[in-house]
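Given next are the chains, with one letter for each unit.
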Amino acid sequence: MKILVCISVVPDTTTHIRFTDKMDALDTNGIQWIINPWDELALTRALEIREHPGSGVTQISVIHIGMKDTEPVIQKALAVGADSAYRVNHAPADSLEAASQIAEVVRKEPFDLVITGHDSADYNGSAVGEMLAELLGWASFSSISSLSVVDSVITLERESDIRSETIIAKAPCVVTIQKGIAKDPRIPSLRGIMTARSKQLTLVEPVKCAPLTHFVRFENPAPRSQCRMVDPSHVEELVNLLRNEANVL
Amino acid sequence: MDFQLTEEQKMIQQAARDYANRELIQDVLERDADSIYPAKHVKALADLGFMGMMVDPKYDGSGMDTISYVLAMEELSKVDASVSVIVSVNNSLVCYGLEEFGTEEQKEKYLRPLARGEMLGAFLLSEPEAGSDATSQHTLAEDMGDYYLLNGTKNWITNGNSASVYIVMAQTHPELKHKGINSLIVDRNSPGITLGPHEDKMGMRSSDTHSVMFTDVKVPKENRLGPDGFGFKMAMKTLEGGRLGIAAQALGIASGAYERALKYSKERKAFGTEIFNHQSVAFKLAEMYTKIEAGRLLCFHAAWLKDNGLPYGTASAMAKYHCAETAMWVTTEAVQIHGGYGYVREYHVERLMREAKLTQIYEGTSEIQKLIISRDIFSR
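No experiment lies behind these values; they were computed from the predicted model shown.

1. Considerations on the overall build of chain A
And step 1. Looking only at helices and strands, chain A has six helices and twelve strands in total.
And step 2. By its C-alpha atoms, chain A is 65 × 45 × 40 Å across when sized along the principal axes.
And step 3. Looking at chain A as a whole, 42% of its 249 residues are labelled buried.
And step 4. Considering only contacts in chain A between residues 6 or more positions apart, those separated by 24 or more positions represent 71%.
And step 5. Taking the average place of the 24 positive charges on the side chains of chain A and the average place of its 32 negative ones, the gap between the two points comes to 6 Å.

2. Some details on the pattern of salt bridges
Residue and element names in this part refer to chain A.
And step 1. This structure, assessed with the given rule, holds 38 salt bridges over all chains.
And step 2. Arg-45 is paired through a salt bridge with Glu-48; the nearest N and O atoms lie 2.7 Å apart. Of this pair, Arg-45 and Glu-48 both sit in helix H1 (residues 37-51), three residues apart, which is roughly one turn of the helix.
And step 3. Classification of Arg-45 as buried rests on a relative accessible area of 18%.
And step 4. Here Glu-48 falls in the buried class, since its relative accessible area comes to 15%.
And step 5. A salt bridge links Glu-219 to Arg-217, with the nearest nitrogen and oxygen atoms 3.8 Å apart.

3. Considerations on the pairing of strand S5 (residues 84-88) of chain A
Successive side chains on a regular strand alternate, one facing one side of the sheet and the next facing the other.
All names here are of chain A.
And step 1. By the criterion of burial, S5 is predominantly enclosed, with five of the five residues buried.
And step 2. By the alternation rule, side chains of S5 split into Ser-84, Tyr-86 and Val-88 and Ala-85 and Arg-87, which are all buried.
And step 3. At this point the chain moves from strand S4 (residues 59-65), through helix H2 (residues 71-80), to the parallel S5, and the crossover so formed is right-handed.
And step 4. Here five bridges tie S5 to strand S12 (residues 200-204), and the two strands are oriented parallel to one another.

4. Topic: the packing of H2 of chain A against helix H1 (residues 7-34) of chain B
And step 1. Their axes nearest at 11 Å, the elements H2 of chain A and H1 of chain B cross at an angle of 60 degrees. Looking at the two axes, H2 of chain A sits oblique to H1 of chain B. Of the two possible hands of crossing, H2 of chain A and H1 of chain B adopt the one that is right-handed. Contacts between H2 of chain A and H1 of chain B involve Pro-72, Gln-75, Lys-76 and Ala-79 of chain A from the former and Glu-7, Met-11 and Asp-18 of chain B from the latter.
And step 2. For the contact of H2 of chain A with H1 of chain B, the residue count by class is three nonpolar, one polar and three charged.

5. Some words on the interface of chain A and chain B
And step 1. At the junction of the two partners, chain A supplies 16 residues and chain B supplies 20 residues.
And step 2. Counting each side, the surface lost to burial between chain A and chain B is near 1,500 Å², with a carbon and sulfur contribution of 64%.
And step 3. Summed over the three residues of chain A that lose the most area to chain B, namely Ile-187, Leu-190 and Ile-193 of chain A, the buried surface amounts to 45% of that side.
And step 4. Here chain A is connected to chain B by one salt bridge.
And step 5. Among the salt bridges present, the one from Glu-8 of chain B reaches Arg-197 of chain A, with a minimum N-O distance of 3.0 Å.

6. Re the domain arrangement of chain B
All names here are of chain B.
And step 1. In terms of domain boundaries, chain B breaks down into domain 1 (7-116), domain 2 (121-232) and domain 3 (233-378).
And step 2. The C-alpha centroid of domain 3 is placed 20 Å from the C-alpha centroid of domain 1.
And step 3. At the junction of the two partners, domain 1 supplies 29 residues and domain 3 supplies 35 residues.
And step 4. Both sides together, the interface formed by domain 1 and domain 3 hides about 2,500 Å², and carbon and sulfur atoms give 63% of it.

7. A short note on the sheet that holds strand S1 (residues 2-6) of chain A
All names here are of chain A.
And step 1. Read from one edge of the open sheet, seven strands run S7-S11-S6-S1-S4-S5-S12, paired in parallel fashion. Two strands in the sheet have a free side with no partner beyond their single neighbour: strand S7 (139-144) and S12. For this sheet the average axis-to-axis angle between neighbouring strands, irrespective of direction, equals 20 degrees.
And step 2. Both strand S6 (residues 113-117) and strand S11 (residues 173-177) contribute to a ladder of five bridges, which runs parallel. Within S11, the position partnered with Gly-117 by the bridge is Ile-177.
And step 3. Along the sheet, helix H3 (residues 95-108) contacts S1, S4, S5, S6 and S12; its crossing angle with S4, the most-contacted strand, is approximately 145 degrees.

8. Concerning the confidence of the model for chain A
Interpreting fine coordinate detail is not advised for predicted regions of low pLDDT.
And step 1. Summary statistics for chain A give a mean pLDDT of 92 and a share of 100% for residues scoring 70 or more.
And step 2. Element-level pLDDT for chain A is lowest in helix H6 (residues 235-244) of chain A, with a mean of 91, against a maximum mean of 98 in S5 of chain A.

9. Considering unusual backbone geometry
And step 1. Of the consecutive residues Ala-171 of chain A and Pro-172 of chain A, the connecting peptide bond is found in the cis state with omega at 0 degrees.
And step 2. Look at Lys-177 of chain B: it is not a glycine, yet its phi comes out positive at around 55 degrees.
And step 3. Its location among the elements puts Lys-177 of chain B in the loop between strand S4 (165-171) and strand S5 (181-187).

10. What about the packing of aromatic side chains?
And step 1. In total, this model carries ten aromatic pairs over all chains according to the counting rule given.
And step 2. With a centroid separation of 5.2 Å and 25 degrees between ring planes, the pair formed by Phe-215 of chain A and Phe-218 of chain A is classed as stacked.
And step 3. Take Phe-215 of chain A: its relative accessible area is 43%, and that puts it in the partly exposed class.
And step 4. Measuring from centroid to centroid gives 6.3 Å for Tyr-96 of chain B and Phe-101 of chain B, while their planes differ by 90 degrees, and the two rings are edge-to-face.

11. Some details on the sheet that holds strand S10 (residues 164-169) of chain A
Residues and elements named next belong to chain A.
And step 1. A sheet is described by the order of its strands in space; here three strands give the open sequence S8-S9-S10, paired in antiparallel fashion. The open sheet has two free edges, formed respectively by strand S8 (146-150) and S10, since each of these has just one partner strand. The mean inter-strand angle of the sheet, taken between neighbouring strand axes irrespective of direction, is 15 degrees.
And step 2. Taken together, the six bridges between strand S9 (residues 153-159) and S10 define a ladder with antiparallel strand orientation. Bridge assignment links Thr-155 to a residue of S10, and that residue is Ile-168.

12. Some words on the nonpolar core
And step 1. Grouped together as the largest cluster of nonpolar side chains are 136 residues, with contacts concentrated most on Leu-113 of chain A together with Phe-50 of chain B.
And step 2. Ignoring anything within four residues of it in the chain, the contact list for Leu-113 of chain A reads Met-1, Lys-2, Ile-3, Leu-4, Leu-147, Val-149, Ile-154, Cys-173 and Val-175 of chain A.
And step 3. Counting 19 residues, the second largest nonpolar core, distinct from the first, contains Ile-65, Ala-98, Leu-132 and Leu-136 of chain A.

13. Looking at the side chain of Ser-62 of chain B
And step 1. Relative to the elements of secondary structure, Ser-62 of chain B occurs in the loop between helix H2 (39-48) and helix H3 (66-79).
And step 2. What makes Ser-62 of chain B buried here is its relative accessible area of 8%.
And step 3. At a separation of 2.8 Å, a polar atom in the side chain of Ser-62 of chain B contacts the main-chain carbonyl oxygen of Gly-49 of chain B.
And step 4. Setting aside its immediate chain neighbours within four residues, Ser-62 of chain B contacts Leu-190 and Met-194 of chain A together with Gly-49, Gly-52, Met-53, Val-55 and Pro-57 of chain B.

Definitions and limits used
Residues numbered from 1 in each chain as written. Chains lettered and ligands numbered in written order. Predicted model: local features only at pLDDT ≥ 70, side-chain atom pairs only at ≥ 80, totals over all residues. Heavy atoms only, no water. Helix = DSSP H or I, 4+ residues; strand = E, 2+ residues; numbered from the N terminus. Buried < 20%, exposed > 50% of the residue type's maximum accessible area, 1.4 Å probe, protein only. Contact = heavy atoms within 4.5 Å. Lys, Arg positive; Asp, Glu negative; His and termini not counted. Charge placed at Lys NZ, Arg CZ, Asp CG, Glu CD. Salt bridge = Lys/Arg side-chain N within 4 Å of Asp/Glu carboxyl O. Right-handed = clockwise from strand over helix to strand, strands pointing away. Pairing = 2+ DSSP bridges. Axes fitted to C-alpha atoms, helices over the stretch in contact; angles between N-to-C directions. Parallel < 35°, antiparallel > 145°, perpendicular 65-115°, else oblique. Left-handed = near helix turned anticlockwise from the far one by under 90°. Nonpolar A, V, L, I, M, F, W, Y, C, P; charged D, E, K, R; others polar. Buried area = accessible area lost by both parts, 1.4 Å probe. Domains from an automatic or database assignment. pLDDT = per-residue confidence, 0-100. Phe/Tyr/Trp six-rings, centres within 6.5 Å; stacked < 30°, edge-to-face > 60°. Core = buried A, V, L, I, M, F, W, Y, C linked by side-chain atoms within 4.5 Å. Polar contact = N/O pair within 3.5 Å; in protein donor to acceptor, adjacent residues only side chain to side chain.

Structure representation (structure tokens):
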């Protein structure tokens, strides 16, 4: 079984987000880029599955749609254990563009299972996995909290407030994972870092695909109002503030 | 001149940072309080390749350059210098000496498992009456034909209990003074080795430090590093690299304290504003940052010289001197910026201050570094 993990490259989640002067794009100055944490979990789970004897997993590849400056982040995916990588040389404007580029690669390469994270920590589209499945005509399983592969049989679990589902999925399919699916993301070993360079990173030219969305303007969220401390003995004052200032009662 | 790190170097730096911030931080206060040896961290760091960082991959090392080693040491030391000193001793003092001066058989038997982290090493030079004056070795390695008979006491030995292999400096020809010293590879479980109690230290409390006593310990002749009488030269050569490791450690202690002080200064308010708006605090942070950056450049320069096969003894002495003094000053001021909070363990800076003190003392005191630097500049 061959697994493809889709990885977005996003700002480090501790980044102080700023926008350009025209407020129409992210100001990328000084940003440290990382693998989208959800996608990193997906990759970690794929690596865990392969280590299990009898999984039948023979290859784990990663794919990213982005420009050359994202390659150091792709190298990290290779350093932690992915066997090979694809970079589609394009900066996608929306989820459909990203899904279309991935679909084009998957049509040419025989992958059995594509895993994506629940969403990306930058634009939070939460759409690439489902769009990709639709474009490929594959089954799609979203919000998956457990994924295992034994003898190439894919078993999934999905939790909701009212029930827990166990699904036996048929390959090929797209699985979108949520938190809790894997242990902590892996730290690359020094040997892994040095061997990443010698792994195959295939550069793919993009196919034509018009984005369906464009960003008009970004706005910073309103600053949080200051916390007011109320003495525990002054309950009436607290009720008054909640009712007349916060308007929540 | 290129001040850019390579992508690999950045990844190594990030890997060390991730390990420190995810794993070391979790139990560092407890290990410090109770002097608990960080066995699980030493194993994990070995699995990641940090215990034989610069060893040639043909001996199962990671084959990294010295810049990468400096980066890793700084990141680990920002969080826990007790762990980074274990990494430093194994890399700089034990693996380096074996790889540089060992025979092929010695490398196969000792260097390979040390680089893989299956063995841990210790470097035994200091004695009760021979610290800075390392030429005055009282430990004797009597030549008995097929073997050396080792007798004496070594002090302040990092990894004293946890190591499985010792590199021991001992006198074979007292009449030749320092030219009679040999460097011997000694198996820790050899009959005749006893340990003193665990030293109850001011800082670096999680690393195990012991005195080690040798009573009629037989060491095979093939365990001598280099030719007869080469031990002192070997030790001094090895310490050049060791100093760079400790310089990077001191740099990490300083930058760890600085980062905590900077963060605190943006959160803590006094007189109606965050305290970094007060010039007395802002100038202190500016001075800290400048001294740390200068120290980083000194470390990188010494590492660059070493990687390019150029003499780096004075450069590493300058790096260690500057970084150790900077670490002591920065950590003291970081406690000051934190005020009362800085004096309690929960905020980490008092621990970093205790750790900083040792960097001015071990692997050559600040005074010894100045001696090395002054002798060099006067000889030009």
